[in-house]
Every structure is written in C-alpha cells, then in structure tokens.
Amino acid sequence: MTRYSRIAGTGSYLPPRRVTNADLAAELAQRGLETSDDWIVERTGIRARHFVGEGVAASDLGVQAARHALEAAGAQPGDIDLIIVATSTPDMVFPSTAAILQHKLGIALGAEGALAGCPAFDVQAVCSGFVYALTVADSMIKTGAANKALVIGTEVFSRILDFNDRTTCVLFGDGAGAVVLEASDAPGILATDLHADGKHVGILCVPGTVSGGQVLGQPLLRMDGQAVFKLAVGVLEDAARATLAKAGRTEADIDWLIPHQANIRIMQSTAKRLKLSMDKVVVTVDQHGNTSAASIPLALDAAVREGKVRRGDTVMLEGVGGGFTWGAVLLDF
Ligand code: UT7
C-alpha cells in the first residue's frame, strides 16, 4: 500500500502586542521617519502586526503553536517522532530552535528518562521555509523514517528589522504556525515543488554574522522590494502550475490558495494569473504583516479555525522569499 502524509491538526500563536499602522507611524515619527496607514495599506494591504516582548524567542512562539496543533490533532507530545522548524530568526547560533522546542515540549526523554528523543532540526529557507519543511517531513513520512511529525514555522522578525528604514520595517511581524503531519493510507500531500536561485542573494538578506565573539556586518534586514516583487509573482505562478501538473490536477481543482503573506498585491497578481477568484485566497497579511516562515501555517490555521478550509478541500500552499527560494505544496486537507 502506498504511504502518504496528511495534516492531522493545525495550530498557531501570535504574541499579544498588536501594533497598528498608526502605532508604528507614531513610533517612526519619533525617529524622524514619515509613513502612514494609507501608504502601508495601499502598497501592501497590511493594517497591523504583532511584535514579541523582550526576551521572547522563536521557540517560545513555536511551542505554543505546536501545542495548539497537537490538541487539534488529538495527539500527545510523546507521539511525535520528528520535529522540523522553519525559521530565519533562531533562538541561538546553535543548537537548532527545533531541539530547544523539543525540550520545551517535554519530549526529549524516553519513558525511563533515557536519551531517546526524536530527530529535531531547523530548515532555513526564509519565507519559503514552511513549504520546504513540509516537503522534507512529507518525504520522511513517505519513506517510513517518521510517522507523526511536528512542522513549525516561527519567527521573531522584529529582532532583525531596521526601524530606521521605513521601506522594510513596516512590512514584517512576529508569530508562529504549526501542523501535525502524520502517515496515512490516502493523501494528504499530493505534490510538492521546491526551488532556489542563489544569484539573487543580495535582493533580500540579513548581511551579518558572528566571528571571534563579534558581530560582523549588519544583521538587519535589507530588501530591494521591487526586485523581490517582480520575481515573486512569476515564480509563484510557475510553482503552482508545476505542482498541479505533478498531481495531475488543474487550477479549477484548487479550493483554497494560501500564499506566503507578504503583500496583498502579490497575492492578487498570483490569483489572477491562476484564474482564481480572490474568494479562494486566504488573506491574513492585513492582520499579521509578513511573518516569513510562519505566515503560511498561521494563515492555514486561521482559515481552518474560521471554518473556511474544511476536511477534503484541495489546498495550495506557496512560499517565496530570500535566497531566492520558492516552492509549493498541494494537498487534500
Ligand atoms: O517575504 C519576502 C517577500 N517580500 C516581498 O514580497 C516584498 C515585495 N515587495 C513589496 O511588497 C513592495 O515592493 C514594497 C511594499 C516593499 C514597496 O512597494 P512599492 O510599490 O514597490 O513602493 P516603492 O518601493 O516603489 O516606493 C514608492 C515610494 C517611494 O517614494 P518616491 O521615490 O516615489 O518618492 C518610497 O520612498 O514610497 C516611498 N516609501 C514609503 N512611503 C511611506 C517607501 N516606504 C514607505 C513607507 N511609508 N513605509
């Protein structure tokens, strides 16, 4: 019998501090920078985002999202035999945020207290991180390397924003989303399609690192917004078409498109190219901003909890971001 993977439950978590465009505009004004609710809404569709408080790390958000996903799946932390975290804002240089999160979930130890924890690792593909992580988990489940995986996207992007750069700091937010992906006799995940093109490293990056106890470069987000915009629209269409072709489906089979939540205009262009009505597109960018690797699972969970995405619906998840990376996952929910 063919072995597939399916989403057994979804969860998400947003830090409590909600910052509206007006709040942010007032904060930036104190730095001598001008922006407005009108500009942000018109160019991006963003109305608010959430920011973490001091000392809150990506694993803290991720663990809450994971608990909600476990609850929705009717699973216990001890049932999990694989953890993959997609993040570009890890808690530390190492170990992985996944290992830290595993410990916070209390599943690092075997029943007798022996060292018997499941594999846990991070995936770094910026805003495409969740579709990359889901694809890896799907492959590991299909090969029998795992039975029940936690796949989490979690970000504290506020830590890498330059609040003296109005062209980027108004775009991003913090949050986490998670799914429990489990082995199944029926799909589940129908097809996946991942890509990267490293020649575009410079258009979206955080050009800093650590060496000899010092921070080298500038670990703050830099983006050529227009270059990213143009590339994003093209690759999102290509990835959707490639994934549909692999699954032997067409655009007409898509019940819900859940693209990376970066900019409403990118989502509208993608929907138009795929001849999908915006009624079939899940939009949370207005309330979350761009939460990078967390944006897709956050949007998926919101759509599930609102009763939009239902069991049996065909859902296209699409990520695009720094690297340049992009990809899609087509699934029957
Ligand atoms: O997650 C990874 C994927 N990232 C993305 O998908 C982001 C893709 N890019 C975008 O979403 C858009 O390019 C942006 C939202 C970043 C920018 O929108 P745009 O329509 O490309 O605006 P622009 O860069 O052409 O800027 C238009 C004007 C400029 O002023 P001038 O030169 O026309 O006088 C900017 O200086 O808007 C100005 N501007 C702002 N004004 C008020 C830039 N940022 C702001 C701001 N508030 N925050």
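Numbers given for residues are sequential positions, taken from 1 along each chain in its written order. Totals for whole chains, interfaces and linings use all residues, but because this is a predicted model, local features are given only for residues with pLDDT of at least 70 and pairs of side-chain atoms are given and counted only at 80 or more. Excluded from the side-chain calculation are hydrogens and water; included are all heavy atoms of the structure.

> Please clarify how the site of the ligand should be interpreted in this entry.
If even one non-hydrogen atom of a residue comes within 4 Å of a molecule or strand, that residue is called near it. Among the 22 residues in the neighbourhood of the ligand, the closest are listed as Thr35, Arg166, Gln226, Asn263 and Asn290. The term polar contact refers here to a pair of N or O atoms within 3.5 Å; inside protein, the definition further demands a hydrogen-donor-capable atom paired with an acceptor-capable atom, and it admits residues adjacent in sequence only when both atoms are side-chain atoms. Here tryptophan 39 contributes a side-chain N or O atom positioned 3.1 Å from an oxygen atom of the ligand. At 2.9 Å from an oxygen atom of the ligand is found a side-chain nitrogen or oxygen belonging to histidine 260. Of all elements in the fold, only helix 2 (37-44), helix 6 (166-169), helix 7 (225-247) and helix 8 (264-273) reach the threshold of two or more residues within the shell around the ligand. Here a strand is any run of E in DSSP of at least two residues, a helix any run of H or I of at least four, and the numbering for each starts at the N terminus. Sort the elements by how many residues they give to the shell around the ligand and helix 7 lands first, with four residues. Class assignment of the residues belonging to the shell around the ligand gives a composition of 10 nonpolar, eight polar and four charged. Each residue is assigned to one of three groups, with Ala, Val, Leu, Ile, Met, Phe, Trp, Tyr, Cys and Pro labelled nonpolar, Asp, Glu, Lys and Arg labelled charged, and all others, Gly among them, labelled polar.

> Whenever I open this one, the sheet that holds strand 5 (residues 120-123) confuses me. Can you help?
What links the strands of a sheet is backbone hydrogen bonding, and the strands pair in either a parallel or an antiparallel sense. DSSP bridges decide pairing: two strands pair if at least two such bridges lie between them. Read from one edge of the open sheet, five strands run 1-7-6-4-5, paired in mixed fashion. Each of the sheet's edge strands pairs with one partner strand only, and the pair in question is strand 1 (4-13) and strand 5. Neighbour to neighbour, the strand axes of the sheet diverge by 20 degrees on average, direction disregarded. As paired strands, strand 1 and strand 7 (residues 174-184) are joined by nine bridges and run antiparallel to one another. Counterpart to tyrosine 4 in the pairing with strand 7 is serine 184. Here the axes come from fitting lines to C-alpha atoms, over the contacting stretch only for helices, and the angles between their N-to-C directions go from 0 to 180 degrees.

> Is there a simple way to think about empty space enclosed by the protein in this case?
In this approach, a probe sized like a water molecule rolls over the atoms, and the result shows the empty space that is left. Here a cavity denotes grid points, spaced 1 Å and computed from the protein atoms alone, that fit a 1.4 Å probe unable to get out, and a pocket denotes an open set having protein on both sides within 12 Å along at least 5 of 7 lines; residues with an atom within 4 Å of a point are the lining. Grid points are joined across faces, edges and corners, and a volume is the space filled by probe spheres set on the points. In the structure shown here, the tally under the stated rule is one cavity of 30 Å³ or more. Looking at the largest cavity, its volume works out to about 30 Å³. Lining the largest cavity we find Leu236, His260, Ala262, Asn263, Ile266 and Val320. Split by residue class, the lining of the largest cavity holds four nonpolar, two polar and no charged.

> Just checking my understanding: could you explain the nonpolar core for this structure?
Burial of nonpolar side chains together is a common tendency in soluble globular proteins. Counting 41 residues, the largest nonpolar core has Phe163, Val170, Met316, Val320 and Phe324 as its most contacted members. Listed by contribution, the elements that provide at least two residues to this core are helix 1 (21-29), helix 7, helix 8, strand 14 (314-321) and strand 15 (325-332). The two domains that each donate at least three residues to this core are domain 1 (4-184) and domain 2 (189-332). A contact between two residues is defined here by any heavy atoms of the two lying within 4.5 Å. Apart from residues no more than four positions distant in its own chain, phenylalanine 163 is found in contact with Leu24, Leu28, Arg31, Leu33, Phe51, Ser158 and Cys169. If you look at the next biggest cluster of nonpolar residues, it comprises 33 residues, including Val131, Leu181, Ala299 and Val309. Here the nonpolar core consists of buried residues drawn from Ala, Val, Leu, Ile, Met, Phe, Trp, Tyr and Cys, with membership extended through side-chain atoms lying within 4.5 Å. Per-residue accessibility, obtained with a 1.4 Å probe over protein chains only, is compared with the maximum for each type, and a residue is labelled buried under 20%, exposed over 50%, and partly exposed between these values. Where each domain starts and ends follows an automatic or database-derived domain assignment.

> Would you mind going over helix 2 with me for this structure?
An α-helix turns once every 3.6 residues. As a result, residues three or four positions apart point the same way. Burial in helix 2 covers these residues: Ile40, Val41 and Thr44. Taken around the axis of helix 2, the buried residues stretch over an arc of 100 degrees, which confines them to a single face. Exposed residues pointing more than 90 degrees away from the buried face of helix 2 are listed as Asp38 and Glu42. Two residues or fewer past helix 2, glycine 45 is found with a positive phi of approximately 85 degrees. The arc in question is the one traced by the directions running from the helix axis out to the C-beta atoms.

> Is there a simple way to explain the domain arrangement of the protein in this structure?
Many descriptions give the size of an interface as the accessible area lost when the pieces come together. Partitioning the protein into structural domains gives domain 1 (4-184) and domain 2 (189-332). Once you take the C-alpha centre of each, domain 1 and domain 2 turn out to be 15 Å apart. Two parts placed together each lose some accessible area; with a 1.4 Å probe, that loss summed over both constitutes the buried area. Between domain 1 and domain 2 the total buried area reaches about 3,800 Å² when both faces are included, carbon and sulfur atoms providing 61% of it. Considering only the surface of domain 1 that becomes buried against domain 2, Cys127, Val131 and Tyr132 emerge as the three largest contributors, covering 16% of it. A pairing counts as a salt bridge when a side-chain nitrogen of Lys or Arg comes within 4 Å of a carboxyl oxygen of Asp or Glu. Our count for the domain 1 to domain 2 interface comes out at two salt bridges. In this structure, aspartate 165 engages arginine 222 in a salt bridge whose closest nitrogen and oxygen atoms are separated by 3.9 Å. Taken together, the links from domain 1 to domain 2 amount to 26 residue pairs in polar contact (both at pLDDT 80 or more). Where the side of domain 1 that touches domain 2 is concerned, the elements lending two or more residues are strand 1, helix 2, strand 3 (48-51), helix 3 (58-73), helix 5 (129-142), strand 6 (148-156) and strand 7.

> Explanation requested: the packing of aromatic side chains in the structure shown.
A ring pair, where both rings are aromatic, is described by two values, the distance of the centres and the angle of the planes. Aromatic pairs are defined between Phe, Tyr and Trp rings, using the six-membered ring for Trp, whenever the two ring centres lie within 6.5 Å; interplanar angles under 30 degrees are classed as stacked, those over 60 as edge-to-face, and all others as tilted. Scanning the model with the defined rule gives three aromatic pairs in all. Summarising the aromatic geometry, the rings of phenylalanine 324 and tryptophan 326 are spaced 6.1 Å apart at their centres and angled 45 degrees between planes, so their arrangement reads as tilted. Each member of the pair phenylalanine 324 and tryptophan 326 is classed as buried. Geometrically, a charge over a ring is one whose NZ (Lys) or CZ (Arg) sits within 6 Å of the ring centre while staying within 35 degrees of the ring normal. A cation over a ring is seen here: arginine 311 above phenylalanine 333, with NZ or CZ 4.1 Å from the ring centre.

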